[in-house]
Amino acid sequence: MATIKDVARLAGVGLGTASRVVSGKGSVSPATLARVRKAIDELGFRPSHAARALLSGTSRMVGVYIPVLSGTFYTPILQIIDTELRAAGLHMVVAFGVGLGDARRQAIEGIEFLVERGCDGIVMMTSALNDEDLAALGGKQKQIVALNHEFKQIPEQCFTVDHVLGGRLAARTLLDYKHRDIAVIAGPAALADNVARIDGFMRELQAEGIDTNKVWTMESDFSPQGGWSAAKALIDSGTRCTALFCANDEMAVGALAYFQEAGISVPRDLSVIGYDDTPSAAFSAPRLTSVHMPWREMTLNGLNALLNRCYDLHRPVTRTFPVSVTLRASLAKGPSESAAGENAAKRTRGKKK
C-alpha cells in the first residue's frame, strides 16, 4: 500500500506539504495542491485511520456504552447514533456489558475500552457508575454524555426523559378507560428509571383513591421471558384484575404471548399497556398500547451536545422532551362489576396448566 512518503516523493514535495494536503490544514499553492492530488490518484493512496488521527488530532470516533446488546430497546438508539455520526463523517464504536463483574464493573471496563481506543467522546447509557467512577475519568469526563440517566456530578451532560410522568400517564390512561383493578409487572428495582415510572404509576392510582398496597405487583427483568413468567404468575395467583401495566414493551410482548396461549383474550378479558413504545409494540398481537417515550429526541440532543463539546460545533440542543401515550388494540374500556367477576373466573379456568 502506498504511504504518505510515496505521495510526497512522486509529487516532488516535502512530507509536511503532502501531509497538509491530506489533512486539509495549512496553506498550499494551487500548483502544489494539484501535483499532490495527482500523485494521490496515481498511487491510489488512502490515509489510514491512525494517520488521519495523528494529522488531525482527533480519531473521528465516538464511543457508545450500553449494558446489553440485545432486545428492541437499544437497537433503534444505536441506529440513530450511527446514522448521525456517519452523516457528520464520524464513526461509532460500541461497547456493552460483558464479563464476570457486576453491572458497575462491566460499565467501568466498557468505558475504559472506549477511552483506550481513542474515542473523542462517549455516549453512555448506564446508571451503574458512581461519582468516584466519573472522577476517575479525569479530563475525559468532559467528553461524555449520559442518556436516560442523571449524574449529579455532570448534570449538564445528562439527557433523560420524565419517567415519573410516563408512569403517571400509563395509570391515567387505564383510569380514564374505567380500570381500577390493575396489576403491574415492574422492571428491576435496581434501575432508577424503572423505580421512577413505577412510582409515578402508583402515585396516580393513589390520587384516585386506589390502595396501591393491594395492587398485584411482580418484579421482572425487562425481557419477553420475564414478561411471560410474570403473566403466568399473575394468572396462577387468581388475582382479580381487568388491566395490566408492564414497565417495558418487551415484558408486555411476553405477557401477550402467554395470555394468547392460556386462552385469555386481550383486550376483551384483560387490557394491557406497555412502556417505551418501541417498534415491537406496533407489531405485537394485538398491537400494544404503550407510553411513548421520546427516545429519538433525547438521543439526538444528547449526541448534538457531545459533538459540540468534542468538535467545537454549534448544533442545537434542547432538554425538554414530550411524553405521550400511543393507543392501540390492546386497550379497551373496563368491564362492569359483574362482567369483571365473570372474566376473573374465566381467566382462572383458562390458565395454562
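Residues numbered from 1 in each chain as written. Predicted model: local features only at pLDDT ≥ 70, side-chain atom pairs only at ≥ 80, totals over all residues. Heavy atoms only, no water.

Draft legend 1. Representation of the overall build of the chain. Summing up its helical and strand segments, the chain has 13 helices and 11 strands in all. In summary, the chain has a C-alpha radius of gyration of 26 Å against a globular reference of 20 Å for 353 residues, an excess of more than 25%. In terms of principal-axis extent, the alpha carbons of the chain reach across some 95 × 40 × 40 Å. Here the chain holds 353 residues, and 47% of them are scored as buried. Considering only contacts in the chain between residues 6 or more positions apart, those separated by 24 or more positions represent 69%. (Helix = DSSP H or I, 4+ residues; strand = E, 2+ residues; numbered from the N terminus. Rg over C-alpha atoms; globule rule 2.2 N^0.38 Å. Buried < 20%, exposed > 50% of the residue type's maximum accessible area, 1.4 Å probe, protein only. Contact = heavy atoms within 4.5 Å.)

Draft legend 2. Looking closely at helix H12 (residues 295-311). Taking 1.5 Å per residue as the helical rise, H12 with its 17 residues ought to reach 24 Å, and the 24 Å between its terminal C-alpha atoms agrees with that figure. Of the residues trailing H12, Asp312 is marked for its positive phi of about 55 degrees. (Expected span 1.5 Å × (residues − 1).)

Draft legend 3. Quick look at the environment of His179. With respect to the helices and strands, the residue His179 is situated in the loop between helix H8 (163-176) and strand E6 (182-186). For His179, a relative accessible area of 1% gives the class buried. Separated by 28 residues in sequence, His179 and Phe151 place their C-alpha atoms 37 Å apart. Aside from chain neighbours lying at most four places away, what touches His179 is Leu174, Thr242, Ala243, Ser271, Leu331, Ala332, Lys333, Gly334 and Pro335. Engagement of the side chain of His179 in a polar contact is seen with the side chain of Ser271, the distance being 3.5 Å. (Polar contact = N/O pair within 3.5 Å; in protein donor to acceptor, adjacent residues only side chain to side chain.)

Draft legend 4. The sheet that holds strand E1 (residues 61-66), seen in detail. Here 5 strands make up an open sheet; going across it, the order is E2-E1-E3-E4-E5 and the pairing parallel. Each edge of the open sheet carries a strand with a single partner, namely strand E2 (91-96) and strand E5 (158-159). The strands that helix H5 (residues 74-87) touches are E1, E2 and strand E3 (121-124); relative to E2, the one it contacts most, it runs at about 155 degrees. (Pairing = 2+ DSSP bridges. Axes fitted to C-alpha atoms, helices over the stretch in contact; angles between N-to-C directions.)

Draft legend 5. Geometry of the nonpolar core. In this structure, Val123, Phe201, Leu205, Leu244, Phe245, Phe259 and Val272 are the most contacted members of the largest nonpolar core, which totals 71 residues. If one sorts the elements of this core by residue count, H12 sits on top with 8 residues. (Core = buried A, V, L, I, M, F, W, Y, C linked by side-chain atoms within 4.5 Å.)

Draft legend 6. Spatial organisation of the packing of aromatic side chains. Tallying each qualifying case throughout the model produces 6 aromatic pairs. Residues Phe73 and Trp295 carry aromatic rings whose centres are separated by 4.9 Å and whose planes lie at 90 degrees to one another, so their mutual orientation is edge-to-face. Residue Phe73 is located in the loop between E1 and H5, and its partner Trp295 is located in helix H12; the two are separated by 222 residues in the primary sequence. A single burial state applies to Phe73 and to Trp295, both of which are buried. Taken together, the ring pairs in this structure connect Phe73, Tyr74 and Trp295 into an aromatic cluster. Positioned above the aromatic ring of Tyr311 is the side chain of Arg60, whose terminal nitrogen or guanidinium carbon lies 5.2 Å from the ring centre. (Phe/Tyr/Trp six-rings, centres within 6.5 Å; stacked < 30°, edge-to-face > 60°. Lys NZ or Arg CZ within 6 Å of the ring centre and 35° of its normal.)

Draft legend 7. Structural view of the environment of Gln260. Mapped onto the secondary structure, Gln260 falls in helix H11 (residues 249-261). For Gln260, a relative accessible area of 60% gives the class exposed. Taking the C-alpha atoms as reference points, Gln260 and Pro286, 26 residues apart in sequence, are found 9.7 Å from one another.

Draft legend 8. Inspection of the state of the cysteines at higher detail. The full count for this structure, using the stated rule, is 0 disulfides. Cys158 takes part in no disulfide bond, and the closest cysteine sulfur, belonging to Cys310, lies 15 Å away. We classify Cys158 as buried; its relative accessible area is 9%. Looking at Cys310, it has no disulfide partner, and the nearest cysteine sulfur is the one in Cys119, 9.8 Å off. Residue Cys310 is classed as buried on the basis of its relative accessible area of 18%. (Disulfide = S-S within 2.5 Å.)

Draft legend 9. Representation of a nonpolar patch on the surface. A cluster of nonpolar side chains, contributed by Leu69, Phe96 and Val98, occupies part of the molecular surface with about 270 Å² of accessible area. Inspection of the secondary structure puts Val98 in the loop between E2 and helix H6 (103-116). (Patch = residues over 30% accessible without salt bridge, like charges linked within 9 Å, V, L, I, M, F, W, Y side chains within 5 Å. Areas by Shrake-Rupley, 256 points an atom, 1.4 Å probe, with all protein chains shown as cover. Salt bridge = Lys/Arg side-chain N within 4 Å of Asp/Glu carboxyl O.)

Draft legend 10. The sheet that holds strand E11 (residues 324-326), seen in detail. The 6 strands are arranged E7-E6-E8-E9-E10-E11 in an open sheet whose pairing can be described as mixed. Each of the sheet's edge strands pairs with one partner strand only, and the pair in question is strand E7 (217-219) and E11. On average, adjacent strands in this sheet sit at an angle of 20 degrees to one another, irrespective of strand direction. The sheet contact formed by strand E9 (residues 271-276) and strand E10 (residues 289-292) spans 4 bridges and is parallel. In the sheet register, Asp276 faces E10, and the bridge partner there is His292. Sheet strands in contact with H8 are E6, strand E8 (243-246), E9, E10 and E11, and its direction is about 165 degrees off that of E9. On top of the sheet, helix H9 (residues 192-207) reaches E6, E7, E8 and E9; it is set at about 170 degrees to E6, its chief contact.

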